[in-house]
Amino acid sequence: MVRRRQFIQDSFMAAAGTALLSSHGIPAYAADNLVIQYIREKIPAFEIPPYRGERYKDQVPDTLDIAERALLGINCLTGITDPLADREIFWFADFHRNPPVMVHDFSDWCQNVEGMMESLTLLRALTGSDLNSNVDKIWMETLLKSIGPDGLVYVPLGERPWGRLNHAWMTPVWRANGTTTDASDKTVAQLTGPALWPRSISAMIIYYLRDSNPIWTQAIEKMIEGMSALASDEGDYIFFPAGGYEPNKKFTGGLTADNQLMPTGYLALDGGNIRVIQGLAQYYRLSGYEPAKTLAGKLVNFARFHADAYDRDGRFRFSAYEKIGPEWFVEYSHAHGGQVTLEQIKGQTLGGHFHSHAVGILGMIDYAAAVGDRELLDWCKASYEWARMQGNSLTGFFPEYIVPSYPSCESCGVADMIAIAAKLSQTGAGDYWDDLDHWVRNQFAENQLTKEPWIYHLAESSPEKPVAYNETDHQVGKRNLGGFAGWASGNEWSLKNGIMHCCTGNSTRALYYVWENIVDGTNQEFRVNLLLNRASAWADVYSFIPYEGRVRIKMKKSCPRVVVRMPEWLKSGSSEPVCKVNGGPRALTWEGRYVVVGSAESGETIDLAFPIATGTVAETVGAVRYTMEVRGNTVISIDPGGRTGPLYERSYYRQPTRWVTVNRFVTEREIVW
Ligand SMILES: [Zn+2]
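Rules used throughout
- Residues numbered from 1 in each chain as written.
- Predicted model: local features only at pLDDT ≥ 70, side-chain atom pairs only at ≥ 80, totals over all residues.
- Heavy atoms only, no water.
- Phe/Tyr/Trp six-rings, centres within 6.5 Å; stacked < 30°, edge-to-face > 60°.
- Helix = DSSP H or I, 4+ residues; strand = E, 2+ residues; numbered from the N terminus.
- Buried < 20%, exposed > 50% of the residue type's maximum accessible area, 1.4 Å probe, protein only.
- Pairing = 2+ DSSP bridges.
- Axes fitted to C-alpha atoms, helices over the stretch in contact; angles between N-to-C directions.
- Core = buried A, V, L, I, M, F, W, Y, C linked by side-chain atoms within 4.5 Å.
- Domains from an automatic or database assignment.
- Donors = N, O, S within 2.8 Å, 3.2 Å for Na, K, Ca; no water.
- Tetrahedral: all angles 85-135°; square planar, octahedral: opposite > 155°, others 65-115°.
- Polar contact = N/O pair within 3.5 Å; in protein donor to acceptor, adjacent residues only side chain to side chain.
- Contact = heavy atoms within 4.5 Å.
- Buried area = accessible area lost by both parts, 1.4 Å probe.
- Salt bridge = Lys/Arg side-chain N within 4 Å of Asp/Glu carboxyl O.
- Nonpolar A, V, L, I, M, F, W, Y, C, P; charged D, E, K, R; others polar.

Chemist: Is there a simple way to explain the packing of aromatic side chains in this structure?
Modeler: Aromatic ring pairs are defined here through the distance separating the ring centres and the angle between the ring planes. Applying the stated criterion to the full structure yields 37 aromatic pairs. Pairing Trp-197 with Phe-240 gives two aromatic rings, centres 4.9 Å apart and planes at 85 degrees, and the pair type is edge-to-face. Of this pair, Trp-197 sits in the loop between strand 9 (190-191) and helix 6 (200-211) while Phe-240 is found in the loop between strand 11 (238-239) and strand 12 (244-245), placing the two residues 43 residues apart along the sequence. The pair Trp-197 / Phe-240 is uniform in exposure class, with both members buried. Between Tyr-332 and Tyr-406, the ring centres sit 5.2 Å apart and the planes meet at 75 degrees, which makes this aromatic pair edge-to-face. Remark: Tyr-406 occurs in the loop between strand 14 (401-402) and helix 15 (411-426) and Tyr-332 occurs in helix 11 (residues 326-335); sequence separation between them is 74 residues.

Structure (structure tokens):
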């Protein structure tokens with residue numbers, strides 16, 4: 001998300017300067033009866049259809065369960081919303097504060113631009129959960145109210161007391177009279193810009209897929225029209241001028257690549273241009289709407305050939321904009337055992353902010369798949385293969401910034417890599433299911449907040465600090481359960497701060513990508529790609545990994561062919577996997593990395609057993625050398641261990657399989673995402 005580094009340095013100073021103390025969880029602005037003025041008053045009507053599907057209780061091995069993680073995700077997505085401000089999220093949580101707090105500022109809009117609205121609907125479709133379901137409608141109404149007459153999404157700045165705090169990517173602000181100002185100018189009431197557009201289209205596609213209400217497709221097409229009108233068309237590529245725009249803005253000096261408005265590097269990535277591609281590609285895939293394809297295609301050309309964001313091989317370019325304050329990288333690295341020098345950072349041409357680059361690649365994969373562009377897909381694949389070497393490919397630790405010995409990872413980057421691995425594997429561009437299996441089981445699963453007491457122990461070690469006007473300390477632990485870490489190290493949940501909820505937006509969507517890809521069923525074949533627990537209409541999968549090498553599949557529909565991917569530690573062709581169907585032996589044949597079980601009838605149980613690899617490995621994460629105990633692909637202990645929010649406390653996986661009762665939901669219709 002935006003300006004993380006600067007945020008840390010500035011925001012609390014800014015907040016402290018204007019602090020109006022709140023008393024016990026009731027923010028000071030509650031007394032003001034906050035009424036937010038959006039750009040649009042009247043919005044069309046819509047209803048949210050119920051989440052239909054089959055519901056039942058089941059006993060499953062107590063192993064990583066994406067549906068259970070999705071329930072937690074819903075807890076956080078809805079729990080961090082503010083009932084006094086149209087359920088706007090507190091985008092930031094600080095556990096290194098006493099008391100721990102959640103914070104409002106300009107970046108609350110990561111609710112939209114980092115995909116929280118999109119994720120909430122996806123996770124409800126996955127789980128059938130109606131936890132805090134009042135939030136959904138308010139979010140959808142807010143999105144519609146934020147769409148201006150030109151079709152673009154505007155952020156209301158006027159009434160929200162924190163609205164201008166730490167504004168990012170919004171300079172200059174272009175005004176109707178052709179002059180410029182910036183977002184701290186109190187006369188700017190409504191603001192749009194490319195940094196605020198990403199993922200609105202994606203969210204509305206999902207709404208449309210559920211209710212078939214044309215208000216969403218109309219809004220999307222109007223938005224694409226509005227974007228197209230603003231784009232500076234340079235022939236084979238386009239870009240949106242850097243900064244923010246007021247309604248009816250005018251650009252002085254024309255709109256060309258020569259007048260210094262063309263964003264490059266980080267400004268083109270985090271600043272919004274390149275992030276717009278994915279929603280356009282998704283809409284083209286859904287509808288065949290040509291303007292979406294044209295705009296996305298020209299943005300892809302901008303991203304690849306003009307934005308100075310990637311090199312010709314797809315490697316991430318480290319832009320000057322990302323290097324603001326290189327001393328900070330040195331300090332942070334040194335504080336956690338790194339040895340990087342200022343000269344090294346200054347001389348670095350490749351690297352930089354991981355998530356901004358990776359999410360751009362993700363969008364370009366969706367575009368390549370939608371239009372059948374094999375060359376682009378291969379370029380994205382090359383980018384992925386380079387990016388996977390920049391972190392720890394066993395655990396899925398990808399540094400927030402690619403600089404030597406950077407000590408922490410941002411969950412956004414981990415989520416992007418999981419999403420990219422899934423999509424490249426789906427499209428047949430590569431086979432990365434093993435990568436995905438590693439990362440989901442380790443850094444990704446550990447980065448989700450599943451326990452809260454440690455947060456309060458950590459907070460108590462900091463000096464007491466009053467809660468500011470834009471903060472709350474109300475049930476911060478409970479409300480953030482299911483959120484994803486912003487600054488996790490190899491062994492610790494939070495090296496500093498706590499959560500930037502961009503990470504929750506992107507990671508909860510990644511939960512959906514993982515869940516969607518565990519199995520794949522048609523009338524001809526039931527395929528298991530990932531050996532994880534999963535209920536589905538075709539069969540339910542029970543994974544005993546990593547307690548033991550065992551997977552059970554209970555068929556619900558008869559299927560002429562069942563194929564199951566074998567784990568990485570078994571060689572193709574191995575005679576080690578043993579299969580039984582309803583207790584009777586069944587011969588297996590291998591097809592690549594999969595074993596073919598053959599046909600199975602509804603009601604039959606397939607049991608696959610194989611050895612589980614165990615061992616100890618030495619790995620470097622950040623600048624720290626760790627010893628990790630691994631069962632299968634799962635790290636079950638790490639040395640040295642973390643102290644405040646320790647990761648990989650999983651010694652129970654050495655014991656016999658533990659079982660747990662869960663509520664299962666099998667959706668009537670899956671959203672393909
Ligand atoms: Zn993030």
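Chemist: Looking at this structure, how should I read the sheet that holds strand 27 (residues 614-621)?
Modeler: To summarise the sheet geometry, strands pair through backbone hydrogen bonds and adopt either a parallel or an antiparallel arrangement. A sheet is described by the order of its strands in space; here 3 strands give the open sequence 27-28-29, paired in antiparallel fashion. Two strands in the sheet have a free side with no partner beyond their single neighbour: strand 27 and strand 29 (634-639). Taking the axes of each pair of neighbouring strands and ignoring which way they run, one obtains an average angle of 35 degrees across the sheet. Pairing of strand 27 with strand 28 (residues 624-631), which is carried by 8 bridges, proceeds in the antiparallel orientation. Within strand 28, the position partnered with Glu-619 by the bridge is Tyr-626.

Chemist: In this structure, what is going on with the sheet that holds strand 26 (residues 605-609)? I would like to understand it.
Modeler: Sheet architecture is open: 5 strands sit in the order 19-20-26-22-23, paired in antiparallel fashion. Where the open sheet ends on each side, the last strands, each with one partner, are strand 19 (539-543) and strand 23 (584-586). Averaged over neighbouring strand pairs, the angle between their axes works out to 25 degrees when direction is ignored. With 3 bridges connecting them, strand 22 (residues 578-581) and strand 23 associate as antiparallel partners. Counted as the bridge partner of Lys-580 is Pro-585 from strand 23.

Chemist: What is the right way to look at the nonpolar core in this model?
Modeler: The tendency in soluble globular proteins is for nonpolar side chains to be buried as a group. In this structure, Phe-95, Phe-240, Ile-274, Met-364, Val-564 and Ile-606 are the most contacted members of the largest nonpolar core, which totals 209 residues. Two domains each donate at least three residues to this core, and these are domain 1 (6-10 + 23-517) and domain 2 (520-609). Judged by nonpolar contacts, the second largest core, of 5 residues, contains Leu-34, Tyr-38, Ala-85 and Trp-162.

Chemist: What should I look at first to understand the coordination of the zinc ion in this one?
Modeler: Geometry sets the ideal angles at a metal, namely 109.5 degrees for four tetrahedral donors and 90 or 180 degrees for six octahedral donors. The coordination sphere of the zinc ion, as far as protein atoms go, consists of Glu-410 (OE), Cys-412 (SG), Cys-502 (SG) and Cys-503 (SG), spread over 2.2 to 2.4 Å. Coordination at the zinc ion comes from 4 donor atoms whose angles at the metal span 99 to 119 degrees, giving a geometry best classed as tetrahedral. Taken in sequence order, the residues that donate to the zinc ion follow the motif E-x1-C-x89-C-C. One end of the pair, Cys-412, is in helix 15; the other, Cys-502, is in helix 19 (residues 502-518), and 90 residues separate them in sequence. Owing to a relative accessible area of 0%, Cys-412 belongs among the buried residues under this scheme.

Chemist: Would you mind going over the side chain of Glu-118 with me for this structure?
Modeler: Residue position: Glu-118 is located in helix 4 (residues 116-127). Looking at Glu-118, the relative accessible area reads 1%, which means it is buried. Side chain to side chain, Glu-118 and Trp-673 meet in a polar contact 2.9 Å long. Once residues within four sequence positions are removed from consideration, Glu-118 is found in contact with Arg-199, Ser-202, Ala-203, Ile-206, Gln-282, Arg-509 and Trp-673.

Chemist: What's the story with the domain arrangement of the chain in this structure? I'm lost.
Modeler: When the parts come together, some accessible area is lost, and that loss is often what is quoted as the size of the interface. Segmentation of the chain into domains returns domain 1 (6-10 + 23-517) and domain 2 (520-609). Just the C-alpha atoms count here: the centres of domain 1 and domain 2 sit 36 Å apart. Taken together, the contact between domain 1 and domain 2 spans 22 residues of the former and 19 residues of the latter. Together, the buried faces of domain 1 and domain 2 total about 1,800 Å²; carbon and sulfur atoms form 46% of this surface. Where domain 1 meets domain 2, there are 2 salt bridges. Between Asp-434 and Arg-565 there is a salt bridge, with its nearest N and O atoms 3.2 Å apart. At the boundary of domain 1 and domain 2, one finds 15 residue pairs in polar contact (both at pLDDT 80 or more). Its residues assigned to classes, the side of domain 1 that touches domain 2 shows 9 nonpolar, 4 polar and 9 charged.

Chemist: Would you explain the environment of Glu-492 in this entry?
Modeler: Secondary-structure assignment places Glu-492 in the loop between helix 18 (476-480) and strand 16 (498-500). You can call Glu-492 buried: its relative accessible area is 9%. With 33 residues separating them in the primary sequence, Glu-492 and Glu-525 have C-alpha atoms 42 Å apart. Polar contacts involving the side chain of Glu-492 include one to the main-chain amide nitrogen of Arg-643, which spans 2.9 Å. Here Gly-645 takes part through its backbone nitrogen, which lies 2.6 Å from a polar atom of the side chain of Glu-492.

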